[in-house]
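Residue strings, one per chain:
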Amino acid sequence: MLAIAGAALLVVAFFLPWMDGSAEFAARDFSGFDLARLVRNFEIATSEDSDRLRITAAILYAVPALAVNAAVFAIVPQLRAWATAATVGAAGYALVVLVSIGVLAVVSGTELQRVLGPAMAGWWVSLVGVGMMGVGTMLHIRR
């Protein structure tokens, strides 16, 4: 149940403010959803047919999708055998995305560092959700 609660928390936190804006974006903040939409809009605005931009947006949109997938695997009796793998995969994936955004936002000279400021509540809540998924899975494995 802890892993399912963590997955739900991760989905909700995806729509909360993750990062504060900086420079020309100082008046706004960005949720995980906003970041993915910003990447998609950048592709449309620049008329750039960039696979890299599409992949980046898909990577961000997959964070809550994989969390929901893991929760469904844990809830549906016919899928429970795969729940541990789905939860570990979703938590690991979300952790890599969160850490990557966090690092790129603070490392000087990166594209994101010019747009994003410090981490906000949604990023930290997402991290807590990932931790809950991990701890819940470990407790399930120990049983």
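The preceding data block contains the structure.
Because the structure is predicted, anything quoted here is derived from the model rather than measured. (Residues numbered from 1 in each chain as written. Predicted model: local features only at pLDDT ≥ 70, side-chain atom pairs only at ≥ 80, totals over all residues. Heavy atoms only, no water.)

## Remarks on a nonpolar patch on the surface
And then number 1: Together, Leu-95, Val-99, Val-103, Val-106 and Val-107 make up a nonpolar patch on the protein surface, roughly 390 Å² of accessible area in all.
And then number 2: Here Val-107 is to be found in the loop between helix H4 (83–106) and helix H5 (111–115). (Patch = residues over 30% accessible without salt bridge, like charges linked within 9 Å, V, L, I, M, F, W, Y side chains within 5 Å. Areas by Shrake-Rupley, 256 points an atom, 1.4 Å probe, with all protein chains shown as cover. Salt bridge = Lys/Arg side-chain N within 4 Å of Asp/Glu carboxyl O. Helix = DSSP H or I, 4+ residues; strand = E, 2+ residues; numbered from the N terminus.)

## Some words on the packing of helix H1 (residues 2–13) against helix H3 (residues 51–75)
And then number 1: Between H1 and H3, whose axes approach to 9 Å, the crossing angle comes to 155°. With respect to H3, the axis of H1 lies roughly antiparallel. In the packing of H1 onto H3, the handedness of the crossing is left-handed. Taken together, the residues of H3 that come into contact with H1 (itself represented by Ile-4, Ala-7, Leu-10 and Val-11) are Val-63, Pro-64, Ala-67, Val-68, Ala-71, Ala-74 and Ile-75.
And then number 2: Tallied by class, the residues present in the contact of H1 with H3 amount to 11 nonpolar, no polar and no charged. (Axes fitted to C-alpha atoms, helices over the stretch in contact; angles between N-to-C directions. Parallel < 35°, antiparallel > 145°, perpendicular 65-115°, else oblique. Left-handed = near helix turned anticlockwise from the far one by under 90°. Contact = heavy atoms within 4.5 Å. Nonpolar A, V, L, I, M, F, W, Y, C, P; charged D, E, K, R; others polar.)

## A short note on the packing of H4 against helix H6 (residues 121–142)
And then number 1: The contact between H4 and H6 brings their axes to 9 Å, and the two run at 150°. Taken together, the axes of H4 and H6 are roughly antiparallel relative to one another. Once H4 is placed against H6, the crossing between them reads as left-handed. Touching Thr-84, Thr-87, Val-88, Ala-90, Ala-91, Ala-94, Leu-95, Leu-98, Val-99 and Gly-102 of H4 are Trp-123, Ser-126, Leu-127, Val-130, Met-133, Thr-137, His-140 and Ile-141, all from H6.

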